[in-house]
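Each chain, letter by letter, is given below.
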Amino acid sequence: MSLLQQINSPADLRRFNDRELQVLADEIRDFMVKTVSKVGGHLAPSLGVVELTIALHSVLDSPQDKIIWDVGHQCYAHKIITGRRDEFHTIRQGGGLSGFPSPAESEHDIVGTGHSSTSISYGVGLTEAIRLAAGREDEDAAGGDGTGGRDSHVACVIGDGALTGGIAYEALNQAGHLRTPLMVILNDNEMSIKANVGAISQYLTRLRLDPTLSKLREDLEHGIDKIPGIRGGMRSLKESLKAFLVPGRLFEELGFAYVGVIDGHDIKALRKSIRAAMEIERPVLIHIKTIKGKGYQPAEARPDTFHGIAPFSVSTGEAIKQPGPITYTEAFGRGLVKMAAADERIVAVTAAMSNGTGLNFFEREFPDRFFDVGIAEGHAVTFAAGLALGGRKPVVAIYSTFLQRSFDQLIQDISLQEIPVVLAVDRAGLVGDDGPTHHGCFDLAYLNLVPGLTVMAPKDEAELQHMLYTGLNINGPVAIRYPRAAGRGVALPGRFEELPVGQAEILDRGEGALLLGIGTGTGICLRSARILAERHGLRPTVVNARWLKPLDETLILDLAEQHDVVVTVEEGTIAGGFGATVAGLLAGSGTPVKRFALPDRFLPHGNRGRLLRDAGLSPEAVAGYVNDMLVMEKVVNTGRRKASGESS
């Protein structure tokens, strides 16, 4: 029997020695690669932390001790060790395991961490709560002063570029101030999705690559205080020398004990460091060096490709691609390159996701005009505003779910200031396998709230390029949202056109029902119209709204007067989005409005098409409602019907 087959809970690890645990690490990697090759997933990040996961669970006592994974996609080995080995083949599949920590799934998953840089904040709060509880129990039991020992430890594993997020430093600052006895493990693999950027990354590189620094640290810490007469200016000289030479000085100035740099693939060294950190009654940062994709050569060679990958061939490492149209993301990226070739003022900004947002094409063609700010979405938006103030035309490409993190900057730093920044909001709507932390359900609603912000959503990949061109010519802030999906297969334009601002597009004139779609909702409306024509002989009017802000109120009001029922369709939350705006516009008109949108709850992971159907957002559902209203139930005043082509 393999060692892996003997692991059903973290406690089982304690039967094995360091050498056996190293063998177990190899077995876990092999199991992980074979499984993810069939279902896809975040492979490279989890391959890099197998030894760390084993070391943590063999020393700590989870769930009494708390382990927080940041970013959470590093948790695959953790799931395997904590009793979910036999379910691992269901990861990111509908009804199966989440690709991120999920407290609903296991008591070993402390909190869901699908975004980044939050673990230390969670950890400081959790540790302080534990300390307060322990103190209260001591007082109650023995009349003590509340300074008793801890019942459990908290370890925050922060890696994959998460230390570039500003919230991490806010938490480090508080932990040092409170002297919170927290263990922070910096998984330094030089990568987020791509290579890390910024001064912090350069600082960590210096710590990793200069082996003499560790010895200098030891010599200084043990010897410098023995120098007689260290007072006044000499003491300042001592501190200056330590600041220049001692690794981890940044963290020590924040109040942390610094341990590192540790080989993150050496289980013995990891276990020793973790045990030592558990004995220190103040915050500790263990700096480990790992290889993203460790143990699987294609992932080591191309960690950005294997960060999140579709099913692939284990022997070659090549993804198993399905034929079809290019994605909206690629259409955006290639269109932006063409526009930038004609206008040198155009610059591009991303938050550690050039490949995922399609900006890799721009980065390759115009490296001097491309900026990757790291996992710092708020900074990305305000930085872009600064570029615009300097005469550039910035395009900021960020996933919908991550743009939420810059909501204050959207309001205060670009919209209030009326600064022309184009926000390319990728992954809008449901993303499928990554689940609720990554679904872009809320952008239409939260963008709709911001005064002065122009908001668009294209019906297809060609219109996306026209919208991008239009947005670059609007003298104010603009957001364009589009899905994580293949396009509709339409031909891309040879020449870009500036769309009339706030003007919707009538795709087909009919009667009875008015179908208003925005973004992918327009495609649902078109397919619904075909069903109604083929099955029921009905011909509704179909409109591509294009614009959420400004909404084409004149056209909608006019068409609503000519139809018996209005249907809105959007791949966004039902609260506060496109349908809510149309319903508000038509309130009191007497024309019923039915809104098809995502329900007001967090949706699970799974196949995107199936999730949409389960949410009632499908052509069949729309067509069924329209048919019931117009034919079967006869609830409308048919005498009021007019052909939409008639003048009112």
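Here is what the cut-offs are and how they apply
- Residues numbered from 1 in each chain as written.
- Predicted model: local features only at pLDDT ≥ 70, side-chain atom pairs only at ≥ 80, totals over all residues.
- Heavy atoms only, no water.
- Helix = DSSP H or I, 4+ residues; strand = E, 2+ residues; numbered from the N terminus.
- Buried < 20%, exposed > 50% of the residue type's maximum accessible area, 1.4 Å probe, protein only.
- Contact = heavy atoms within 4.5 Å.
- Axes fitted to C-alpha atoms, helices over the stretch in contact; angles between N-to-C directions.
- Parallel < 35°, antiparallel > 145°, perpendicular 65-115°, else oblique.
- Nonpolar A, V, L, I, M, F, W, Y, C, P; charged D, E, K, R; others polar.
- Pairing = 2+ DSSP bridges.
- Polar contact = N/O pair within 3.5 Å; in protein donor to acceptor, adjacent residues only side chain to side chain.
- pLDDT = per-residue confidence, 0-100.
- Arc of directions from axis to C-beta.

**Some details on the overall build of the protein**
Item 1. Within the protein one finds 25 helices and 17 strands.
Item 2. A total of 648 residues make up the protein; the buried ones form 57% of that total.
Item 3. Considering only intrachain contacts with a sequence separation of at least 6, the fraction spanning at least 24 residues in the protein is 77%.

**Digging into the packing of helix 1 (residues 18-39) against helix 11 (residues 267-278)**
Item 1. Contact geometry for helix 1 and helix 11: axes closest at 9 Å, N-to-C directions at 115°. In terms of axis orientation, helix 1 runs roughly perpendicular to helix 11. Counting all contacts with helix 1, which are made through D18, L21 and Q22, the residues of helix 11 involved are I267, K268 and R271.
Item 2. When grouped by side-chain class, the residues that make up the contact of helix 1 with helix 11 number two nonpolar, one polar and three charged.

**Brief notes about the sheet that holds strand 14 (residues 541-544)**
Item 1. Strand order in the open sheet formed by five strands is 12-14-13-16-17, and the pairing between neighbours is mixed. A single partner strand is all that each edge strand has here, and the edge strands are strand 12 (505-508) and strand 17 (593-598). Direction aside, neighbouring strands of the sheet carry axes that sit 25° apart on average.
Item 2. Sheet topology note: the strand 13 (residues 513-517)/strand 16 (residues 565-573) ladder contains five bridges and is parallel. What sits directly across from L514, in strand 16, is V566.
Item 3. Of the strands in this sheet, strand 12, strand 13, strand 14 and strand 16 are in contact with helix 21 (residues 520-536), which crosses strand 13 at around 150°.

**Some words on the environment of D304**
Item 1. If you trace the backbone, D304 turns up in the loop between helix 12 (297-301) and helix 13 (328-342).
Item 2. Distance from D304 to K292, taken between C-alpha atoms, is 9.0 Å for residues 12 residues apart in sequence.
Item 3. Among the polar contacts made by the side chain of D304, one reaches the side chain of N355 at a distance of 3.5 Å.

**Overview of the sheet that holds strand 15 (residues 547-549)**
Item 1. Here seven strands make up an open sheet; going across it, the order is 7-6-8-9-11-10-15 and the pairing mixed. A single partner strand is all that each edge strand has here, and the edge strands are strand 7 (370-372) and strand 15. When the angles between neighbouring strand axes are averaged without regard to direction, this sheet yields 20°.
Item 2. The sheet contact formed by strand 10 (residues 454-456) and strand 11 (residues 478-481) spans three bridges and is parallel. From the neighbouring strand, T454 faces strand 11, where its bridge partner is V478.
Item 3. Where helix 16 (residues 377-389) meets the sheet, it contacts strand 6 (346-350), strand 7, strand 8 (393-399) and strand 9 (422-426), and its direction lies at approximately 170° from that of strand 8.

**Some thoughts on the confidence of the model for the protein**
Item 1. Summing up the model confidence of the protein, the mean pLDDT is 87 and the portion of residues at 70 or higher is 86%.
Item 2. For the stretch residues 143-148, pLDDT sits under 50, and the model shows eight contacts to residues farther than four places along the chain or on other chains.
Item 3. In this model residues 230-245 is a low-confidence stretch, pLDDT under 50, and it forms 17 contacts with partners more than four residues away in sequence or in other chains.

**Details of helix 23 (residues 578-586)**
Since the α-helix turns once every 3.6 residues, residues separated by three or four places project in the same direction.
Item 1. Turning to helix 23, its buried residues are F578, G579, V582 and L586. The buried residues of helix 23 occupy an angular sector of 95° when the element is viewed end-on, so they sit on one face.
Item 2. Residues of helix 23 that are buried sit in contact with strand 13, strand 15, helix 22 (553-561), strand 16 and strand 17.

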